[in-house]
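Breakdown of the fold
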Amino acid sequence: MKRIIIADDSTTARMFIKRCLQIIGLGDVEIIEAEHGKEALAAAKAQEVDLLLTDLNMPVMDGETLIKWVKASPKLGDLPVVVITSAGNPAKEAQLLELGAHRVLNKPVSPPIMMDALADFLDED
Amino acid sequence: MIKHNPLYQSMFDAVGKTLENMAFMEVMEHFDHSYEIPVDELAWNSLLINDPVQGEIRLAMSKIVLKKLTGNVFGIDEEEITQAQMDDILNELLNTIVGLFLSNLFEDDQEYKMGLPELGEDELPEIDANTIIWKLMTDDEDALQVFASGASLATLKDS
């Protein structure tokens, strides 16, 4: 079974992302919820993870710092990271892609947008 | 710096898209522009915009509407809804609305900085000359209000 980490300090946002995943056919993956980047990083190091979905503005450790840590880690460097944020624009997106994010999605994310962003991930099933 | 979208339309579109995607509700202008949400029913929060303009955005609605929205978003019955869920929904709505508002308003290469949403207590702060108000309602005729305040934000009104 695949594992996905959802890092967002908002319960609503995490629930909304989970609902999108269910709608696009990823209802049976194991979801690990994290309230900030530090918690997500610890979860990613503790077990095999297939995908990281993260917000940017979070307490304790923000999404940008999380991406830097993930991409700098020999173990996690290849982990696909998709950013889901309300603070995104093309300039920010370019900066995040440069850091190593695979995709940047703007809130509110919808199932078709999520499906498009995770197409590669879905194809592997 | 400003795209073709006027300030008002940028916020209207941001609220509409957020409510449609997150809560499956349509938003339109309130038919009664004199309508005020009763203070004892009020739920509101605020978020600061730090860059490239400085200002504050507040989102207000009645607690009954917030409960209904929470039920829609979480897909649960109203009896199961907790205050924490309602607070979280209000904050996530405002966060998403302000992000969309800024991306509607500014050019693609314009970076912007916004704070984190904070819940308000009791009455809304007083309205001053630099406050712009959006009086809106859902397709169930439930009132929503958005306030944008701050001199540098208000100057965009006529751009």
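Since we're looking at a predicted model, the values are computed, not measured.

**Digging into the overall build of chain B**
- Helix and strand counts for chain B come out as four helices and seven strands.
- Of the regular secondary structure in chain B, the N- to C-terminal order runs α-β-β-β-α-α-β-β-β-β-α.
- A globule of 159 residues ought to have a C-alpha radius of gyration of about 15 Å, and chain B, at 15 Å, matches this closely.
- The buried share among the 159 residues of chain B stands at 51%.
- Long-range pairs, those at least 24 residues apart, make up 69% of the contacts in chain B between residues at least 6 apart in sequence.
- When the accessible surface of chain B is summed, it comes to about 7,600 Å², and 46% of that surface belongs to carbon and sulfur atoms.
- Charged side chains of chain B number 9 positive and 32 negative; the gap between the two group centres comes to 3 Å.

**Notes on the confidence of the model for chain B**
- Scored by pLDDT, chain B has a mean of 88; 96% of the residues are at 70 or more.
- Here the prediction assigns the complex a pTM of 0.87, and the interface score ipTM is 0.80.

**Considerations on the pattern of salt bridges**
- Tallied over the full model, the rule gives 12 salt bridges over all chains.
- Between Glu64(A) and Lys92(A) there is a salt bridge, with the nearest N and O atoms lying 2.5 Å from each other. Of this pair, Glu64(A) sits in helix 3 (residues 63-72) while Lys92(A) is found in helix 4 (residues 90-99), placing the two residues 28 residues apart along the sequence.
- On the accessibility criterion, Lys92(A) (14% relative accessible area) is buried.
- When the shortest N-O distance is used, the salt bridge between Lys68(B) and Asp142(B) registers 2.6 Å.

**Here we look at the sheet that holds strand 4 (residues 81-85) of chain A**
Residues and elements named next belong to chain A.
- Overall, parallel pairing links the five strands, which are arranged 2-1-3-4-5 in an open sheet. Sheet topology places strand 2 (30-34) and strand 5 (103-106) at the edges, where each strand pairs with a single neighbour. Going across the sheet, the axis of each strand differs from the next one's by a mean of 20°, ignoring polarity.
- Pairing geometry for strand 3 (residues 51-54) and strand 4, over three bridges, is parallel. Its bridge partner lying in strand 4, leucine 52 is registered against valine 81.

**Quick notes on the packing of helix 1 (residues 7-23) of chain B against helix 3 (residues 83-105) of chain B**
Residues and elements named next belong to chain B.
- Two elements in contact, helix 1 and helix 3, have axes whose closest approach is 8 Å; the angle formed by their N-to-C orientations is 135°. Considering their axes alone, helix 1 and helix 3 lie oblique with respect to each other. In this structure, helix 1 meets helix 3 at a crossing whose hand is right-handed. Only Glu92, Leu93, Thr96, Ile97, Leu100, Phe101, Asn104 and Leu105 of helix 3 make contact with helix 1, whose side of the interface consists of Leu7, Ser10, Met11, Asp13, Ala14, Val15, Lys17, Thr18, Leu19 and Met22.
- Of the residues that constitute the contact of helix 1 with helix 3, the class distribution is 11 nonpolar, four polar and three charged.

**Observations concerning helix 3 of chain A**
All names here are of chain A.
- Among all positions of helix 3, only Gly63, Glu64, Leu66, Ile67 and Val70 are buried. What you see down the axis of helix 3 is that its buried residues fit within an arc of 155°, all on one side.
- Of the surrounding elements, those touching the buried residues of helix 3 are strand 1 (3-7), helix 2 (37-46), strand 3, strand 4 and helix 4.
- Capping the start of helix 3 is the job of one residue whose side-chain oxygen sits 3.3 Å from the backbone nitrogen of glutamate 64: aspartate 62.

Conventions we followed
By convention here, each chain's residues receive numbers from 1 onward along its written sequence. Written order determines the labels here, with chains lettered from A and ligands numbered from 1. Reporting in this predicted model follows two pLDDT cut-offs: at least 70 for local features of residues, and 80 or more for side-chain atom pairs to be given and counted; totals over whole chains, interfaces and linings ignore these cut-offs and use all residues. Processing note: side-chain calculations cover all non-hydrogen atoms of the structure and skip hydrogens and water entirely. To qualify as a helix, a DSSP run of H or I must reach at least 4 residues; to qualify as a strand, a run of E must reach at least 2; elements of each kind are numbered from the N terminus. Radius of gyration means the value over C-alpha atoms here, while the globule rule gives 2.2 Å times the residue count to the 0.38 power. When a residue's accessible area, from a 1.4 Å probe over protein chains only, is under 20% of the maximum for its type it is buried; when over 50% it is exposed; and in between it is partly exposed. Contacts are residue-level and defined by heavy atoms, with any inter-residue pair within 4.5 Å sufficient. Accessibility throughout is a Shrake-Rupley quantity obtained with a 1.4 Å probe, and a residue counts as covered only by protein chains that appear here. Here Asp and Glu are counted as negative and Lys and Arg as positive; His is not counted, and neither are the chain ends. Charged side chains are reduced to one point each, which is NZ for Lys, CZ for Arg, CG for Asp and CD for Glu. As a per-residue measure, pLDDT tells how confident the predictor is, with possible values from 0 to 100. Salt bridges are defined as contacts in which a side-chain nitrogen from Lys or Arg sits within 4 Å of a carboxyl oxygen from Asp or Glu. DSSP calls a pair of strands paired once it identifies at least 2 bridges connecting them. Helix axes are fitted only over the stretch in contact, all axes being lines through C-alpha atoms; the angle between N-to-C directions runs from 0 to 180 degrees. Should an angle fall under 35 degrees it is taken as roughly parallel, and over 145 as roughly antiparallel, whereas 65 to 115 is taken as roughly perpendicular and any remaining angle as oblique. A crossing counts as left-handed when the near helix is turned anticlockwise from the far one by less than a right angle, and as right-handed when that turn is clockwise. Classes in brief: Ala, Val, Leu, Ile, Met, Phe, Trp, Tyr, Cys and Pro nonpolar; Asp, Glu, Lys and Arg charged; the others, Gly included, polar. Throughout, the arc means that of the directions going from the helix axis to the C-beta atoms. In protein, a polar contact requires one atom able to donate a hydrogen and another able to accept it; more generally it is a pair of N or O atoms within 3.5 Å, and residues adjacent in sequence count only if both atoms are side-chain atoms.

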